[in-house]
Amino acid sequence: MNEVKYWASRFLRIRLMNMINRTVVRLLLIPLLLVPIACEEDASDAGVFEELARESLSQIEGEIEIPGLQDAVEVIRDPWGVPHIYAENLEDLFFAQGFVQAQDRLWQMEMWKRFNGGRLAEVMGPEALEHDRILRLIQYQGPWDEEEFAVYHPEGERIFSSFVEGVNAFIEHRQDNLPVEFKLTGIEPEPWTIEDAVMRVPARSLGSARSELNLALQVAELGPEEANRRDRPSPWVELQVAPGLDLSLITEDVVASLDGTLATVPFPAPPLLPEYQGLEGAVASLDFGVPELSPGSNNWVARGELTASGEVLLANDPHRQVTNPSLRYLVHLNAPGWNVIGATEPAIPGVAIGHNGRIGWGLTIVGTDYDDVFVEELNPENSREAMWEGEWYPLDIVVDTIPVRGQEPQVVEHFYSRHGFIFHKDTINHVAFSVRSTLKERGTAEYLGALRLNQTDLAGNCQEFLDQQAYYYAPSENMICGDVDGNIAWHASALTPDRGGLWYGRLPVPGTGGYEWVGYRDNLPQEYNPERGWLGTANHDIHPEGYYPPVGFRSPPFSRFDRLEQIFAEASDLTPEDYEEMLYDAYWTYTEEDRTHFEGWTAEDEDVEWARALLADWDGYYDRESVAASVHNYWRDNLDDYYAVLEGEVPEAERDAQVRSALQSAVSDLRAELGSDRSEWRWGRLHRSEFPHWLAGAYDLPGVERSGGGGTVAATGATFREIIDFSDLDNSRATSTPGQSAQPGSPFYDNLLDLWANGEFFPLLYTREAVEQNVEYRLQLVPAGSGG
């Protein structure tokens, strides 16, 4: 099974099991007296949820007195729910950001903290115990000191302290009337700490380790040459097994040791209190929306010679799972020295993607390999010791106690070698498997490195942007920049291991010495003002010609980046409206190449001939109404190797047989999934996004059928999008979905959903004049004791 199919099946399996498990738990907990519910009561059940949500809404207008503020702060929410925060100093600015984001997303923030910190079993019970054990094993252990905070921003400690104080101020302010999810579950949010503000997202290390181990299994089965051919690394390098590595020790059991974490989409959820469990709408709906299985995102930036205005235009659409609420949160931060707008995540301060008035930036995942698996040799006489350069040394052991709902706390031991956390011990063969990860280093909390881009004093042009990217450690991002002076730039940012030229990180290596990181690289790929006039990335192989050794590897085809190159080859006089069309571009890049397989022949089989004729005349667009798009997508999936067919690597006779067989399978699969009426096989039925509330079906939002996906630029997981127009920053625009607020009943709970589904943007207002012309709600936060 290839990596994409593995992740697809695992994602769907875990997501389904999470939802089934939590549904079963709730059903088992329903008191028997609540089981027979009269039909006439169903209508009133909806009223219970509606009233509970209404009374739990945050105050977004008027005045609130808050202890902890130095001066008054004004929060203007525009018609699209974006808060524009105006403060007099740094502390109040980030205090207010913490307060405002908690107003809209406190439950999401609470579950984010519990998920990544390994504290789910405390509210969910034993089903989350293994998840907690693994996440606690991997999570950053400190130190939390000035050196850690200053990586993100010279004033990092002040920023993080103020942010968590603002979150805690909201919790204290609403202690007697928390958001509806806390009322439904009985959970009380715990105060935030500065450690929470810089918490890592450790599960990334599991995916990297799993890739190395799975490739090792392939090498053991097929040999390095064939395994490498099937893996198809880009850039291409020969696959070499480290001397002394016994591949027979790497088994499916070793790989399975990395399983056990719960899916993040939706976040696992605890059961509702008994008084709500019997009500109609109390059970969370299953999310049958299509998952985002691509690695990523698109971004591009063009200089003035390619734009109608003569000024820089920048676009970005980072891809993640489509959820309710969205992963992203838009915010505008204003204080002396600060005027930045864009998207962040609710649990972190600052703006991660956006512009500061002088530069704009966007990101896509690079794919930097910053995690390595080591095979440690254990002492046969003492399995708590490992070999290093001919001598035994003691493993570090941390005894941890995990609270578990409904039972006694569980005591576990976490083991660490000199390289990192140990995830599997083989006591028969006396080996252990560990992972060295950059996550153990200071400054590797995700996206917080962008804080340095939030201020023009630090990043006022794209050259200064490149300088600041030396501090952007995680995650690995293709960061692009455009500025008001007409410059553009790109940097492949991450804390990137230097392996001393000994190995590439694609396979495990012995942990006994000889294979070690020798520091971190300071020669990362970058580009500044290229002659072609534009820069862009789409999770492709980004290495410049001659760059060596690679920072990581990708596998072609790179359909989204190839499509961007097609578009920019003919580009001129580009406008923000052109960028809107590009971000929603649903054209399959290789349509003309694929069409050649469907022309010049007819099939005897009626199904195959119907599918062949349909694809021979297809316009190549993954439109939600298109039947041909559905057939094409299933045809690609049923080929043995689409890329090999695309590149002409398959002998003609074998290729033709594959094409016909895949068409037959595509029709059969579509009939089984969508029914016998071919006219109903539209792409939107397969490419549908849904928005269930993660606790109660009563708060679900309607799903939508969508164009795009299937490897087109208009990717499945593109929710937040930005277009930055340096000719008029108030003409910049964005999308998000379903709304800024996660609170059912809020005017901003679902107000962006229709815009997003129909490919429409809303303005990203920047100047005070533009904001004042679009005030929807105005809230004054004032120091306690100063209010009227």
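Okay, so let's go over this structure. (Residues numbered from 1 in each chain as written. Predicted model: local features only at pLDDT ≥ 70, side-chain atom pairs only at ≥ 80, totals over all residues. Heavy atoms only, no water.)

**Let's talk about helix H3 (residues 90–117)**
Note the cut-off: Under the DSSP-based scheme used, a helix requires at least four consecutive residues in state H or I and a strand at least two consecutive residues in state E, with every element numbered from the N terminus. Expected helix span is taken as 1.5 Å per residue step, with the number of steps being one fewer than the number of residues. Here the term buried applies to any residue with accessible area under 20% of the maximum for its type, exposed to any over 50%, and partly exposed to those in between, with areas from a 1.4 Å probe on protein chains only. Within 3.5 Å is the distance limit for a polar contact, defined as a pair of N or O atoms, with the added protein rule that one can donate a hydrogen and the other accept it, and that residues adjacent in sequence qualify only through two side-chain atoms.
For H3, which comprises 28 residues, the first-to-last C-alpha distance of 28 Å sits more than 12% below the rise-based estimate of 40 Å (1.5 Å per residue). Most of H3 sits inside the fold, with 27 of its 28 residues counted as buried. N-cap assignment for H3: the residue whose side-chain oxygen lies 3.3 Å from the backbone N of glutamate 91 is asparagine 89.

**Brief notes about the pattern of salt bridges**
Quick note on the threshold: Put simply, a salt bridge is a Lys or Arg side-chain nitrogen that is within 4 Å of an Asp or Glu carboxyl oxygen.
Throughout the structure, instances matching the rule amount to 46 salt bridges. Ionic pairing is found between arginine 114 and glutamate 122, a salt bridge with its closest N-O pair at 3.3 Å. Residue arginine 114 is classed as buried on the basis of its relative accessible area, which comes to 4%. In this structure, the salt-bridge partner of aspartate 607 is arginine 671, at a minimum N-O distance of 3.3 Å. In this pair, aspartate 607 is assigned in helix H18 (residues 606–616) and arginine 671 in helix H21 (residues 652–674), connecting sequence segments 64 residues apart. Classification of aspartate 607 as buried rests on a relative accessible area of 15%. Here arginine 671 falls in the partly exposed class, since its relative accessible area comes to 32%.

**Quick notes on the sheet that holds strand S2 (residues 73–77)**
The criterion, for reference: When DSSP finds two or more bridges between two strands, those strands count as paired. Angles shown run from 0 to 180 degrees and are taken between the N-to-C directions of axes, each axis being a line fitted to C-alpha atoms and, for helices, limited to the stretch in contact. Note on contacts: a residue pair is in contact if any heavy atoms of the two residues lie within 4.5 Å.
An order of S1-S27-S2-S3-S6-S7-S8-S9-S17-S18-S20 is seen for the eleven strands of this open sheet, with the pairing classed as mixed. Single-partner strands in this sheet number two, and they are strand S1 (62–66) and strand S20 (526–528). The sheet shows a mean angle of 20° between the axes of neighbouring strands, taken without regard to direction. In this structure, strand S17 (residues 477–483) lies alongside strand S18 (residues 488–493), joined through six bridges in antiparallel fashion. By the bridge assignment, isoleucine 480 is partnered in S18 with tryptophan 490. The strands that H3 touches are S1, S2, strand S3 (83–86), strand S6 (329–335), strand S7 (338–344) and strand S27 (777–783); relative to S6, the one it contacts most, it runs at about 160°.

**Side note on the nonpolar core**
Heads up, the rule is: Take the buried residues of types Ala, Val, Leu, Ile, Met, Phe, Trp, Tyr and Cys, join any two whose side-chain atoms come within 4.5 Å, and each joined set is a nonpolar core.
Of all hydrophobic cores here, the largest spans 129 residues; its most connected members are Ile85, Phe160, Leu184, Trp361, Phe465, Tyr699 and Leu781. Sorting elements by how many residues they give to this core places H3 first, with 14 residues. With sequence-adjacent residues up to four places away left out, phenylalanine 465 is seen in contact with Ile359, Trp361, Leu453, Ala459, Met479, Ile480, Cys481 and Ala489.

**Some points on empty space enclosed by the protein**
The method is simple in principle: a probe with the dimensions of a water molecule rolls over the atoms, and the space it marks as empty is what remains. Selection criterion: Definitions used for this entry: grid spacing 1 Å over protein atoms alone; cavity, a set of points where a 1.4 Å probe fits but cannot get out; pocket, an open set with protein on both sides within 12 Å along at least 5 of 7 lines; lining residue, one with an atom within 4 Å of a point. Grid points are joined across faces, edges and corners, and a volume is the space filled by probe spheres set on the points. Charged means Asp, Glu, Lys or Arg here, nonpolar means Ala, Val, Leu, Ile, Met, Phe, Trp, Tyr, Cys or Pro, and polar covers whatever is left, Gly included.
Counted by the stated rule, this structure contains five cavities of 30 Å³ or more. In this model, the largest cavity occupies a volume close to 110 Å³. The dominant element in the lining of the largest cavity, judged by the number of residues it contributes, is H3, at seven residues. When the residues that make up the lining of the largest cavity are grouped by side-chain class, the tally is eight nonpolar, five polar and three charged.

**Considering the packing of aromatic side chains**
To describe a pair of aromatic rings, you give the distance between the ring centres and the angle between the ring planes. Selection rule: Stacked, tilted and edge-to-face are the three classes applied to pairs of Phe, Tyr and Trp rings, where Trp contributes its six-membered ring and a pair requires centres within 6.5 Å; stacked means planes under 30 degrees apart, edge-to-face means over 60, and tilted covers the rest. Remark: a charge is flagged as sitting over a ring if the NZ atom of Lys or the CZ atom of Arg is within 6 Å of the ring centre and within 35 degrees of the ring normal.
Going through the model one piece at a time under the given rule, you end up with 29 aromatic pairs. The interplanar angle of 5° and the centroid separation of 4.2 Å between the aromatic rings of tryptophan 534 and phenylalanine 568 together place this pair among those described as stacked. Taken together, the residues span a long stretch of sequence, with tryptophan 534 in strand S21 (residues 534–537) and phenylalanine 568 in helix H15 (residues 559–569) at a distance of 34 residues. By relative accessible area, which is 8% here, tryptophan 534 ends up buried. Of the residues examined, phenylalanine 568 reaches a relative accessible area of 7% and is grouped as buried. Sitting over the ring of tyrosine 447, arginine 328 keeps its end group 6.0 Å from the ring centre.

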